[in-house]
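Coordinates in review
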Amino acid sequence: MLSRNILRRLALAALIALPLAAQAEGRIRIAEQFGIVYLLLDVAKDQGLIQKAGKARGLDVQVEFVELSGGAAVNEALLSGGIDIAGAGVGPLLTLWDRTYGKQNVRGVASLGNFPYYLVSTNPAVKSIADFSDKDRIATPAVGVSVQSRILQLASAKLWGDAAYNRLDRLQVALPHPEATAALSKGGTEINAHFGNPPFQEQTLAANPQAHVVLSSYEVLGGPASATVLYATEKFRRDNPRTYQAFVEALSEAARRVKADPEKAADIYLRTNKSKVDRALLLKIIKSPEVEFKLTPQNTFALADFMHRVGAIKNKPASVRDYFFDDAHLAGGS
């Protein structure tokens with residue numbers, strides 16, 4: 001009798017839990033930051049592509065976008081359950097993959113494309129990173145954590161050795177890209193360098209005649225590379241298979257649309273971001289042969305290997321497949 005009562009209670013609890021489990025599917029909260037590197041998310045948002053892909057799977061998807069600045073803030077939001085999909089650099093992804101290894105198991109969902117990131121300075125004496133001194137201040141989204149900061153650490157390690165990989169961290173100031181761009185464009189602040197992303201770096205170069213490129217991420221990483229990515233917990237992917245797949249399909253559709261109609265993509269960026277960036281400058285970036293909008297990550301492992309080598313992450317990845325999910329659209333990633 002006792003066993004039958006327990007079984008009935010368990011069955012009742014299971015029935016009560018079914019609607020809750022069903023509600024898990026059909027909701028997705030996405031964190032994005034600043035720049036045209038998030039164009040695929042802008043297009044998906046503006047055109048309702050996630051909802052469209054969800055309906056094709058018999059699912060009404062509620063989509064929420066959250067704007068944050070810096071990989072540290074994004075990572076904390078993901079771990080606290082405030083978001084489902086994180087948008088940040090490869091550096092923050094690797095940090096969280098390592099931190100959650102064997103627990104939440106955070107891994108990459110997709111790349112947002114290949115973009116060169118420029119370290120720009122308005123100090124005429126700075127021709128290379130070796131020329132930075134205590135008089136300089138370098139703006140990055142998150143000191144020591146953001147992909148820009150990690151790339152600068154890798155460049156430092158190549159120049160001064162692994163023991164001095166964080167030599168320039170002390171000169172960095174955490175600042176969102178729009179504010180850093182304003183500081184360099186107008187001058188008059190302690191910030192005289194900015195490791196940014198498009199279109200902010202191009203805006204600075206156009207606005208300030210003293211602004212010049214000190215370093216390109218492609219130089220450090222050995223070629224075109226995916227610096228900004230999307231990632232999620234293993235639980236979200238497992239518990240929300242249709243929502244997850246709808247999101248990936250929407251990203252793929254967004255990439256096709258950007259390639260097919262750069263003009264419309266530029267207008268979407270200006271509209272969704274309420275941006276005043278010059279449209280011609282925006283189109284030049286989107287059409288640049290150095291820029292490629294795609295979901296498959298490229299040339300990310302150099303940073304992963306470096307971060308393990310200097311102790312920034314404890315777990316050593318054998319390949320990109322360790323810190324990205326094993327999905328079809330990621331096949332051939334590097």
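Notes on the structure follow. Note that the coordinates shown come from a computational prediction; the quantities given were computed from them, not determined experimentally.

**Brief notes about the sheet that holds strand E7 (residues 172–174)**
- The mixed open sheet is built from 5 strands, whose spatial order is E7-E6-E8-E5-E9. Each edge of the open sheet carries a strand with a single partner, namely E7 and strand E9 (212–216). Strand-to-strand twist of the sheet, defined as the mean angle between neighbouring strand axes without regard to direction, takes the value 25°.
- Summarising the sheet, strand E6 (residues 138–140) and strand E8 (residues 193–195) pair through 2 bridges and their orientation is parallel. Opposite Ala 139, over in E8, you have His 194 as the bridge partner.
- Where helix H6 (residues 147–160) meets the sheet, its contacts fall on strand E5 (118–121), E6, E7, E8 and E9, and the angle it forms with E8 comes to roughly 105°.
- Relative to the sheet, helix H8 (residues 200–207) contacts E5, E8 and E9, its axis offset from that of E5 by approximately 30°.

**Regarding the sheet that holds strand E4 (residues 107–111)**
- Strand order in this open sheet of 3 strands is E3-E10-E4, and the pairing throughout is antiparallel. Among the strands making up the open sheet, the edge pair consists of strand E3 (86–89) and E4. Averaged over all neighbouring strand pairs, the angle between strand axes comes to 40°, with direction disregarded.
- By the bridge criterion, 4 bridges tie E4 to strand E10 (residues 228–232) in an arrangement that is antiparallel. Considered in E10, the bridge of Gly 108 is made with Tyr 231.
- Relative to the sheet, helix H4 (residues 71–79) contacts E3 and E10, its axis offset from that of E3 by approximately 150°.
- Packed on one face of the sheet, helix H11 (residues 241–260) meets E4 and E10 and runs near 30° to E4.

**Details of empty space enclosed by the protein**
- Across all of its chains, the model carries 2 cavities of 30 Å³ or more by this definition.
- The volume enclosed by the largest cavity comes to roughly 100 Å³.
- For the largest cavity, the lining is made up of 15 residues, of which Gln 33, Tyr 38, Gly 89, Pro 141 and Gln 148 are closest to its centre.
- Taken together, the elements giving at least two residues each to the lining of the largest cavity come down to E3 and H6.
- Partitioning the lining of the largest cavity into residue classes produces 7 nonpolar, 8 polar and no charged.
- Estimated volume of the second largest cavity: approximately 40 Å³.
- Taken together, Val 90, Val 147, Ile 151, Leu 221, Ser 226, Ala 227, Asn 299, Thr 300 and Leu 303 make up the lining of the second largest cavity.
- Residues of the lining of the second largest cavity, tallied by class, amount to 6 nonpolar, 3 polar and no charged.

**Considerations on the packing of aromatic side chains**
- Scanning the entire structure with this criterion turns up 6 aromatic pairs.
- On the numbers, 5.7 Å between centres and 50° between planes, the contact of Tyr 323 with Phe 324 is tilted.
- Of the residues examined, Phe 324 reaches a relative accessible area of 2% and is grouped as buried.
- Grouped by ring-pair contacts, the aromatic residues Trp 97, Tyr 101, Tyr 323 and Phe 324 constitute a single cluster.

**Re unusual backbone geometry**
- Following Pro 198, the chain continues to Pro 199 via a peptide bond in cis, the omega torsion being 10°.
- Here Pro 199 lies in the loop between E8 and H8.
- Even without being glycine, Lys 274 reaches a positive phi, approximately 50°.
- Relative to the helices and strands, Lys 274 is located in the loop between helix H12 (262–272) and helix H13 (279–286).
- Here the phi dihedral of Asn 299 falls at roughly 60°; this positive angle occurs in a residue that is not glycine.
- By secondary structure assignment, the location of Asn 299 is in the loop between H13 and helix H14 (301–309).

**Concerning the pattern of salt bridges**
- The final tally for this structure, using the stated rule, is 18 salt bridges.
- A salt bridge links Arg 57 to Glu 249; the shortest N-O distance between them is 2.6 Å. Placement of Arg 57 in the loop between helix H3 (49–55) and strand E2 (62–67) and of Glu 249 in helix H11 is noted, with a sequence separation of 192 residues between them.
- A salt bridge links Arg 257 to Glu 253, with the nearest nitrogen and oxygen atoms 2.9 Å apart. Of this pair, Arg 257 and Glu 253 both sit in helix H11, separated by 4 residues, roughly a single helical turn.

Thresholds applied
- Per chain, residue numbering runs from 1 following the sequence as it is written.
- Whole-chain, interface and lining totals are the exception, using all residues; otherwise, since this is a predicted model, local features are given only for residues with pLDDT of at least 70 and side-chain atom pairs are given and counted only at 80 or more.
- Working from all heavy atoms in the structure, the side-chain values ignore hydrogens and water.
- A pair of strands is considered paired only if DSSP assigns at least 2 bridges between the two.
- The helix count covers DSSP runs of H or I at least four residues long, the strand count covers runs of E at least two residues long, and both are numbered beginning at the N terminus.
- To get an axis, a line is fitted to the C-alpha atoms, and for a helix only the part in contact is used. The angle between two axes follows their N-to-C directions and goes from 0 to 180 degrees.
- In what follows, residue pairs with any heavy atoms lying within 4.5 Å of each other are defined as contacts.
- Cavities and pockets are defined on a 1 Å grid built over the protein atoms alone: a cavity is a set of grid points where a 1.4 Å probe fits but cannot escape, while a pocket is an open set with protein on both sides within 12 Å along at least five of seven lines, and lining residues are those with an atom within 4 Å of any such point.
- Grid points are joined across faces, edges and corners, and a volume is the space filled by probe spheres set on the points.
- Amino acids are sorted into nonpolar (Ala, Val, Leu, Ile, Met, Phe, Trp, Tyr, Cys and Pro), charged (Asp, Glu, Lys and Arg) and polar (every other residue, Gly among them).
- Two rings from Phe, Tyr or Trp (for Trp, the six-membered ring) form a pair when their centres sit within 6.5 Å of each other. Planes less than 30 degrees apart are called stacked, planes more than 60 degrees apart edge-to-face, and all others tilted.
- Note on exposure labels: buried denotes an accessible area under 20% of the residue type's maximum, exposed denotes more than 50%, and partly exposed covers the range between, all computed with a 1.4 Å probe on protein chains only.
- Salt bridges are defined by distance alone: a side-chain nitrogen of Lys or Arg within 4 Å of a carboxyl oxygen of Asp or Glu.

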